[in-house]
Amino acid sequence: GNVLLSPIIGVQEHLMNVKAAKRRKAELVQLVVQFVRVSTEAASVRLDYCGLAGMTHDKDDLVEQEVIRLVKKFGAGKFSKYTSEVSLVGNRF
């Protein structure tokens, strides 16, 4: 094989795995956010020590965007509300 290209392929595979893992975490947080936002009773969210990490601090970071959605007002009219507690202890943002 071509020795010059082997390390590049390994790096690309690693980057794809890292992106896929981050996407899966973002999808899990999206499910939590959707549940809280449609629930009439959920008011407290604790995502403690679950390995969440914000990386880019911009609109492209899917995990951070979903966490922001948790603390924004949601609902309409007299049914609008905020979560009363959002805990992210043990995560990195």
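Residues numbered from 1 in each chain as written. Predicted model: local features only at pLDDT ≥ 70, side-chain atom pairs only at ≥ 80, totals over all residues. Heavy atoms only, no water.

Novice: Looking at this structure, how should I read the overall build of the protein?
Specialist: Across its full length, the protein carries 2 helices and 2 strands. Going from N to C terminus, the protein has its helices and strands arranged as α-β-α-β. Long-range contacts, defined as pairs at least 24 residues apart, comprise 66% of the intrachain contacts of the protein with a sequence gap of at least 6. Accessible surface, the protein: about 6900 Å² in total, of which carbon and sulfur atoms supply 60%. (Helix = DSSP H or I, 4+ residues; strand = E, 2+ residues; numbered from the N terminus. Contact = heavy atoms within 4.5 Å. Areas by Shrake-Rupley, 256 points an atom, 1.4 Å probe, with all protein chains shown as cover.)

Novice: What's the story with the nonpolar core in this structure? I'm lost.
Specialist: General note: in soluble globular proteins, nonpolar side chains tend to be found buried as a group. Core analysis: the largest hydrophobic core is formed by 11 residues, namely Ala-26, Val-29, Val-33, Val-36, Ala-42, Val-45, Leu-47, Leu-52, Val-63, Leu-70 and Phe-74. For this core, the secondary-structure elements that each account for two or more residues are α1 (6-38) and α2 (62-71). At 4 residues, the largest contribution of residues to this core is made by α1. With residues near it in sequence (within four places) discarded, Val-63 still touches Lys-22, Lys-25, Ala-26, Leu-52, Ala-53 and Phe-93. (Core = buried A, V, L, I, M, F, W, Y, C linked by side-chain atoms within 4.5 Å. Buried < 20%, exposed > 50% of the residue type's maximum accessible area, 1.4 Å probe, protein only.)

Novice: It is not clear to me how the environment of Gly-54 should be interpreted in this structure. Could you clarify?
Specialist: Its location among the elements puts Gly-54 in the loop between β1 (44-46) and α2. C-alpha separation for the pair Gly-54 and Arg-92, spaced 38 residues apart in sequence, amounts to 6.2 Å.

Novice: When you look at the layout of surface pockets in this model, what are you seeing that I'm missing?
Specialist: Of the voids in this model, the largest pocket is the one considered here, and its volume is about 170 Å³. Around the largest pocket sit Val-18, Ala-21, Lys-22, Lys-25, Gly-51, Leu-52, Ala-53, Met-55, Val-63 and Arg-92, which together line it. Looking at side-chain class alone, the lining of the largest pocket contains 6 nonpolar, 1 polar and 3 charged residues. (1 Å grid on protein atoms, 1.4 Å probe; cavity = no way out; pocket = protein on both sides within 12 Å on 5 of 7 lines; lining within 4 Å. Points joined across faces, edges and corners; volume = space filled by probe spheres on them. Nonpolar A, V, L, I, M, F, W, Y, C, P; charged D, E, K, R; others polar.)

Novice: Can you help me understand the side chain of Ser-87 in this one?
Specialist: With respect to the helices, strands and loops of the structure, Ser-87 is situated in strand β2 (residues 85-87). At 2.6 Å, the side chain of Ser-87 and the side chain of Asp-48 are in polar contact. Contacts of Ser-87, omitting those with residues within four sequence positions, involve Val-45, Arg-46, Leu-47 and Asp-48. (Polar contact = N/O pair within 3.5 Å; in protein donor to acceptor, adjacent residues only side chain to side chain.)

Novice: Just checking my understanding: could you explain the pattern of salt bridges for this structure?
Specialist: Under the criterion given, the structure shown has 3 salt bridges. Between Lys-22 and Asp-61 there is a salt bridge, and its shortest N-O distance comes to 3.5 Å. Pair noted here: Lys-22 is in helix α1 and Asp-61 is in the loop between β1 and α2, with a separation of 39 residues, a long-range link. Judged by its relative accessible area of 0%, Asp-61 is buried. Among the salt bridges present, the one from Glu-66 reaches Arg-69, with a minimum N-O distance of 2.9 Å. On the criterion of helical spacing, the pair formed by Glu-66 and Arg-69 is a turn pair, its members being 3 residues apart in helix α2. With a relative accessible area of 7%, Glu-66 lands in the buried category. (Salt bridge = Lys/Arg side-chain N within 4 Å of Asp/Glu carboxyl O.)

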